[in-house]
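# A closer look at the structure
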Amino acid sequence: QVLLVESGGGLVQTGGSLRLSCAFSGRTFSRYGMGWFRQAPGEEREFVAAISWSGGGTYYADSVKGRFTISRDNAKNTVDLQMNSLKPEDTAVYYCAAGQMRGSWSVTPRKLEDCSYWGQGTQVTVSS
């Protein structure tokens, strides 16, 4: 069983930065593609960013491209999301997710149905 624990959320002003981190345990981290999703009040959960199991592929939602950066450290079993130039519309609960396994490695999760495990979420609030 995979356990994902997010940290790093908080309150920040418009234009500020935050770095989210997700700690992975329970399986071999380097075999999993990882993603970040977010859910604002009254909205559906949406894709933010994803990184392949090797780290060689990264993907971003258009709304965060150029502002957010996803990275992973396979030695530390962590995946981070660096968020710069934050806007009020980035306010949401941010969730870390691991991709579903396909053979020996997982998919890179860019849709909800690609995800096999979820963290508990961390709140990000951007004040105007």
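The following paragraphs examine the structure supplied in this document. The structure presented is a predicted model; accordingly, all values stated were derived computationally and were not measured.

## Considering the state of the cysteines
Evaluation of the coordinates by the stated rule reveals one disulfide. Across a sulfur-sulfur distance of 2.1 Å, Cys22 and Cys96 are joined as a disulfide pair. In this structure the cystine formed by Cys22 and Cys96 twists about its S-S bond by roughly -80°; its chirality is therefore left-handed. In this pair, Cys22 is assigned in strand β3 (residues 18-25) and Cys96 in strand β9 (residues 92-99), connecting sequence segments 74 residues apart.

## Here we look at the pattern of salt bridges
Counted under the stated rule, the structure contains six salt bridges. Between Arg19 and Asp80 there is a salt bridge whose closest N-O contact spans 3.2 Å. Here Arg19, found in strand β3, pairs with Asp80, found in strand β8 (residues 78-83); they are 61 residues apart in sequence, far enough to count as distant. Here Arg19 falls in the partly exposed class, since its relative accessible area comes to 42%.

## Some remarks on the packing of aromatic side chains
Under the counting rule described, the total for this entry stands at six aromatic pairs. Relative to Trp118, the ring of Tyr95 lies with its centre 6.4 Å away and its plane at 90°, an arrangement referred to as edge-to-face. A residue pair is termed long-range when its members are at least 10 positions apart, and Tyr95 in strand β9 and Trp118 in strand β12 (residues 115-118) qualify at 23 residues. Relative accessible area serves as the criterion here: at 13%, Tyr95 is assigned to the buried category. The exposure class of Trp118 is partly exposed, given its relative accessible area of 30%. These aromatic residues form a ring-pair network of at least three members: Phe37, Phe47, Tyr95 and Trp118. In this arrangement the basic side chain of Arg31 is found over the ring face of Trp105, its NZ or CZ atom lying 5.4 Å from the centre.

## Quick word on the pairing of strand β1 (residues 3-7)
Residues Leu4 and Glu6 point to one face of β1 and are all buried, whereas Leu3, Val5 and Ser7, pointing to the other face, are not buried. Pairing geometry for β1 and β3, over five bridges, is antiparallel. Within the sheet, the bridge partner assigned to Leu3 lies in β3 and is Ser25.

Rules of the game
Residues numbered from 1 in each chain as written. Predicted model: local features only at pLDDT ≥ 70, side-chain atom pairs only at ≥ 80, totals over all residues. Heavy atoms only, no water. Disulfide = S-S within 2.5 Å. Helix = DSSP H or I, 4+ residues; strand = E, 2+ residues; numbered from the N terminus. Salt bridge = Lys/Arg side-chain N within 4 Å of Asp/Glu carboxyl O. Buried < 20%, exposed > 50% of the residue type's maximum accessible area, 1.4 Å probe, protein only. Phe/Tyr/Trp six-rings, centres within 6.5 Å; stacked < 30°, edge-to-face > 60°. Lys NZ or Arg CZ within 6 Å of the ring centre and 35° of its normal. Pairing = 2+ DSSP bridges.

In short, shape yes, function no, at least from these values alone.
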